[in-house]
Amino acid sequence: MNFRKRTAVCGELRPENAGQIIVLNGWVDSTRDHGGVIFTNLRDRYGITQIVISPETQPELAARARELKAEYVIWAEGTVRMRENPNPKIPTGLVEISASDFGVINTAELLPFEISDEQLAGEELRLRYRYLDLRRPALQNNFIIRSKAYQIIHNYFAENGFLEFETPVLTKSTPEGARDYLVPSRVHKGSFYALPQSPQIYKQLLMVSGFDRYMQIVKCFRDEDLRADRQPEFTQIDVEMSFVEQNDIISLAEGLMVKLWREILEIEISAPFRRMSYREAMSRYGSDKPDLRFDLELHNITDIVCHSEFSVFALAAAEENGAVMAMNAKNCASFSRKTLDELTEHARKYGAKGLAWMKFTDGTAQSPIAKFLKDEEISAIKAKLGAEDGDLLLFGAGNWGKCCSFMGAVRLETARKSGIYENIRSKFSFHWVTEFPLLEYSEDESRYAACHHPFTSPMSEDIALLSENPATARAITHDLVVNGYETAGGSIRIHDNAVQQTMFDLLGMSREEAEKKFGFLLSALRYGAPPHGGIAFGLDRLCMLLCGSENIRDVIVFPKTTSALSLMDGCPSDVSAEQLKELGIMLAMPK
RNA sequence: GGGAUCGUAGCUCAGCUGGUUAGAGCGCUGCCCUGUCAAGGCAGAGGUCGCGGGUUCGAGCCCCGUCGGUCCCGCCA
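Remember, predicted model here, so these are calculated numbers, not experimental data. (Residues numbered from 1 in each chain as written. Chains lettered and ligands numbered in written order. Predicted model: local features only at pLDDT ≥ 70, side-chain atom pairs only at ≥ 80, totals over all residues. Heavy atoms only, no water.)

1. A look at the pairing of strand S16 (residues 392-399)
The two faces of the sheet receive side chains in turn, since in a regular strand these alternate between them. Rules: Only protein chains enter the accessibility calculation, which uses a 1.4 Å probe; a residue whose area is less than 20% of its type maximum is buried, one above 50% is exposed, and one in between is partly exposed. Helix numbers and strand numbers start at the N terminus; a helix is a DSSP run of H or I with at least 4 residues, a strand a run of E with at least 2. Should DSSP find at least two bridges between two strands, the strands are taken to pair.
Counting buried residues along S16, six of its eight residues qualify, which places the element largely inside the surrounding structure. Sheet topology places strand S13 (residues 322-329) next to S16; eight bridges connect them, and they run antiparallel. Its bridge partner being in S16, Met 327 is matched across the sheet by Leu 394. With four bridges connecting them, strand S14 (residues 356-361) and S16 associate as antiparallel partners.

Below you can see the structure in the form of structure tokens.
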């Protein structure tokens with residue numbers, strides 16, 4: 001043993017410990033040498049404790065203390081005592097350790113950046129040295145929260161009679177959904193496993209097996225481009241239940257949210273959460289995952305402007321599924337021309353051709369399109385949107401769905417630009433979006449694709465629509481939206497083989513193909529499948545919200561960059577020719 | 001696949017319209033200092049301006065390409 005083992009940690013000492021002789025282990029956070037007195041802050045994951053050495057009475061100790069550098073690992077023994085000058089900024093700030101001895105356990109080279117939450121180094125550098133960045137108290141706190149969440153989740157589901165399973169990671173590639181990560185088989189050259197996008201089919205099969213209540217905290221993999229809230233490998237809380245209807249799944253999920261927020265943040269959130277249909281979410285907020293911490297609702301003014309002389313409005317209104325949508329940005333008449341241009345540019349990114357605006361000041365409407373609108377049209381619009389002096393109205397026109405979604409993007413951007421965002425940072429909103437369309441038509445592939453996944457049950461009242469007008473059929477789905485993030489999603493599944501076959505038919509999948517890809521599931525559905533459904537939570541996004549972060553990398557220990565690289569270990573990387581040969585793989589694109 | 005933006009000292013950044021020897025704060029090194037906690041004072045070291053090419057009498061700055069970070073669109077059952 002080359003060090004004195006700690007008898008306390010750096011975050012725990014308080015005035016009541018005064019007089020005790022203790023030993024601390026930790027990292028040198030900083031040293032302040034005043035000549036006549038030397039202070040060293042020792043840090044571990046529990047906190048920071050100040051150690052004091054007095055050169056006058058401890059010349060040998062002081063000489064060694066002057067050799068200490070940032071991030072050395074040391075042990076220090078001493079007496080806890082009250083400080084002459086307390087530091088109210090840290091929990092241990094009332095006490096300090098008067099050192100009697102210390103030793104260096106390990107030295108550290110000069111770090112590539114300072115371990116500090118105050119001024120962050122570039123993210124590229126911090127990712128390259130992720131193990132050092134993870135020493136930062138703010139990041140450590142995120143993983144302490146994440147760890148608490150694991151415990152709460154396991155307990156919650158255990159208390160509710162759920163069994164935990166581990167489903168395979170080497171699985172079968174399926175045609176629907178995201179791009180798969182593939183793993184070549186050595187034994188069967190030319191064949192591949194896929195890493196799971198989610199354990200969807202396995203959990204359904206466990207229902208057929210009679211396990212009734214399944215849960216798993218599980219890694220999932222999707223080979224798609226990254227975002228601030230999306231990583232190629234991420235963690236789901238995967239849940240499936242038998243003999244249930246949608247309400248059972250929803251209330252179970254609500255119970256978990258209440259418990260997480262209560263036990264981690266000491267915030268009481270009220271359940272049941274508000275529910276709205278997909279159609280309502282799209283038409284009122286322009287998003288299937290609206291942020292309901294603020295209003296800025298969209299209004300359909302197609303009826304008011306359908307005969308307008310402003311041709312953009314009139315043409316959109318005349319179009320099939322066309323619409324003119326408007327939003328009242330309260331008190332935003334002060335937006336500059338530049339800000340309005342930026343909003344328009346933002347709308348264009350989401351497929352808008354343009355964005356019209358109208359400001360109300362001193363009782364008059366000021367707008368580039370005012371000259372095309374009749375007074376009665378303007379006053380009808382004003383009345384419908386409740387516009388008053390100081391308000392800014394924003395208008396979008398076009399296909400209803402597209403129009404709603406770019407206006408939804410404008411809604412969020414307006415919230416950011418108006419300062420609404422600043423006031424809602426510490427708020428939380430939870431709500432459900434249900435009744436998603438079962439299918440959406442893919443222009444690219446000239447066929448329907450499942451909105452959720454191909455095993456999602458249609459609403460019973462919409463089953464007839466599957467043959468008449470598939471695009472209008474709704475599914476029994478439930479998405480949990482927290483602060484505008486899709487935090488969980490699920491559905492009641494098809495437990496009837498005939499309905500499942502109908503789905504595959506609609507997806508343009510031949511009987512042979514369906515049999516080849518999903519035959520095992522179709523078989524299972526013929527051997528006594530209970531009605532079942534479930535939900536999967538994005539654990540990383542949940543943790544991000546609990547940590548008050550807007551970036552998923554803050555809650556993933558070793559994340560990838562936007563280009564899916566791991567800067568720390570340098571993957572993905574070359575493999576040897578021997579490895580490739582063993583797998584029967586030849587590269588078509590040698591570097 | 002596309003758009004925006006960034007890359008200058010170990011770190012965070014400034015660097016004007018292209019013009020002499022590229023700056024600041026922090027950190028680092030040395031010295032001083034008895035109560036700091038972003039300690040303070042004095043002195044010092046430290047630069048392939050991401051990389052490659054081009055324009056120009058002259059490029060950190062302009063142009064083309066490329067690599068990397070971030071954010072977004074598409075994509076993400």
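From this point, the narrative continues.
2. Re helix H9 (residues 311-318)
Note the following rule: It is the directions from the helix axis to the C-beta atoms whose arc is reported. Contacts are assigned to residue pairs with any non-hydrogen atoms lying within 4.5 Å of each other.
Residues Phe 313, Ala 314, Ala 316 and Ala 317 constitute the buried set of H9. Across the axial projection of H9, the buried residues extend over an arc of 165°, all falling on one side. In H9, the exposed residues that point more than 90 degrees away from the buried face are Leu 315 and Ala 318. Here the buried face of H9 lies against helix H8 (302-305), S13, S14 and S16.

3. Thoughts on the environment of Ala 178
Mapped onto the elements, Ala 178 comes out in the loop between strand S6 (163-164) and strand S7 (182-184). In the structure, Ala 178 is positioned 361 residues away from Leu 539 in sequence and 19 Å away in space, judged by C-alpha atoms. Other than its neighbours up to four places away in sequence, Ala 178 contacts Gln 197, Arg 222 and Glu 224.

4. Examining the pattern of salt bridges
Going by this rule: Put simply, a salt bridge is a Lys or Arg side-chain nitrogen that is within 4 Å of an Asp or Glu carboxyl oxygen.
The tally for this structure, following the rule as stated, stands at 43 salt bridges. Two residues, Glu 233 and Lys 219, come together in a salt bridge whose shortest N-O distance is 2.9 Å. Of this pair, Glu 233 sits in strand S10 (residues 233-242) while Lys 219 is found in strand S9 (residues 213-221), placing the two residues 14 residues apart along the sequence. You can call Glu 233 partly exposed: its relative accessible area is 25%. We note a salt bridge from Arg 284 to Glu 280, for which the minimum N-O separation is 2.5 Å. Within this pair, Arg 284 and its partner Glu 280 are both found in helix H7 (residues 278-285), separated by four residues, close to a single helical turn. A relative accessible area of 26% places Arg 284 in the partly exposed class. Residue classification places Glu 280 among the partly exposed residues on the basis of a relative accessible area of 24%. A network of salt bridges, in which partner residues are shared, links Asp 117, Arg 126, Arg 130, Asp 133 and Arg 136.

5. Details of the protein's contact with RNA strand B
Rules: Nearness of a residue to a molecule or strand requires only that one of the residue's heavy atoms be within 4 Å of it. By the criterion applied in these results, polar contacts are pairs of N or O atoms within 3.5 Å in which, for protein atoms, one can donate a hydrogen and the other can accept it, and in which residues neighboring in sequence qualify only through two side-chain atoms. Polar here means any residue outside two lists: the nonpolar Ala, Val, Leu, Ile, Met, Phe, Trp, Tyr, Cys and Pro, and the charged Asp, Glu, Lys and Arg; Gly therefore counts as polar.
Not every one of the 52 residues close to RNA strand B is listed here, only the nearest: Glu 56, Asn 85, Ala 450, His 452 and Thr 562. For RNA strand B, a sugar or linking oxygen lies 2.6 Å from a polar atom in the side chain of Glu 124. Arg 222 has a polar side-chain atom sitting 2.9 Å from a phosphate oxygen of RNA strand B. It is helix H2 (residues 123-128) that provides the largest number of residues to the surface near RNA strand B, a total of three residues. Looking at the surface near RNA strand B residue by residue, the class counts come to 16 nonpolar, 17 polar and 19 charged.

6. Quick word on the pairing of strand S4 (residues 73-82)
As judged from the seven bridges shared by strand S1 (residues 21-33) and S4, these two strands associate in the antiparallel manner. Residue Trp 27 lies in a different strand from S4, and its bridge partner there is Val 73.

7. Quick notes on helix H11 (residues 375-385)
Here H11 has its buried residues at Glu 377, Ile 378, Ile 381 and Leu 385. Seen from one end, H11 has its buried residues packed into an arc of 100°, which puts them on one side. Exposed and facing more than 90 degrees away from the buried side of H11 are Asp 375, Glu 376 and Ala 383. Elements that come into contact with the buried residues of H11 comprise strand S12 (298-300), H8, S13, S14, strand S15 (364-366) and S16. Directly beyond the C-terminal end of H11, a positive phi value near 60° is found at Gly 386.

8. What about the nonpolar core?
The cut-off we apply is this: Put simply, a nonpolar core is a bunch of buried Ala, Val, Leu, Ile, Met, Phe, Trp, Tyr and Cys residues held in one set by side-chain atoms that sit within 4.5 Å of each other.
By size, the foremost hydrophobic cluster in this structure holds 45 residues, and its most contacted members are Phe 157, Ile 237, Val 239, Met 257, Leu 260 and Phe 537. Contributions of two or more residues to this core are made by helix H4 (137-159), S10, helix H6 (246-265), strand S17 (430-434), strand S20 (477-482), strand S21 (485-492), strand S22 (532-538) and helix H17 (539-547). In terms of residues, this core owes the most to one element, H6, which gives ten residues. One finds Ala 323, Met 327, Ala 329 and Cys 403 within the second-largest nonpolar core, a separate group that totals 27 residues.

9. Overview of the packing of aromatic side chains
Aromatic ring pairs: the centre-centre distance and the angle between the two ring planes describe each pair. Definition in use: When two rings of Phe, Tyr or Trp (its six-membered ring) have centres within 6.5 Å they constitute a pair, described as stacked for plane angles under 30 degrees, edge-to-face for angles over 60, and tilted for the intermediate range. Placement of a positive charge over a ring is assigned whenever Lys NZ or Arg CZ falls within 6 Å of the ring centre and within 35 degrees of the normal to the ring plane.
Evaluation of the coordinates by the stated rule reveals 18 aromatic pairs. Between Phe 294 and Tyr 421, the ring centres sit 6.3 Å apart and the planes meet at 55°, which makes this aromatic pair tilted. With Phe 294 in the loop between H7 and S12 and Tyr 421 in helix H13 (residues 420-424), the pair connects residues that are 127 residues apart, well separated along the chain. An aromatic cluster is defined as three or more aromatic residues linked by ring pairs; in this entry it consists of Trp 261, Phe 273, Phe 428 and Phe 430. Seen from the ring of Trp 357, Lys 359 lies directly overhead, with NZ or CZ sitting 5.3 Å from the centre.

10. Regarding the side chain of Gln 204
Structurally, Gln 204 is set in helix H5 (residues 200-208). The contacts of Gln 204, once residues within four sequence positions are left out, are Glu 240, His 453, Phe 455, Arg 493, Ile 494, Leu 521 and His 532.

11. Here we look at the sheet that holds S14
Filter applied, for reference: Inter-axis angles, ranging from 0 to 180 degrees, are taken between N-to-C directions of lines fitted to C-alpha atoms, where helices are fitted over the stretch in contact.
Spatial strand order, S12-S13-S16-S14-S15: five strands in an open sheet with antiparallel pairing. Every other strand in the sheet has two partners, leaving S12 and S15 as the edge strands with one partner each. This sheet shows a mean twist of 30° between the axes of neighbouring strands, independent of strand direction. As defined by bridge partners, S14 adjoins S15 across three bridges and the pair is classed as antiparallel. Each residue of the ladder has a partner; that of Lys 359, found in S15, is Gln 366.

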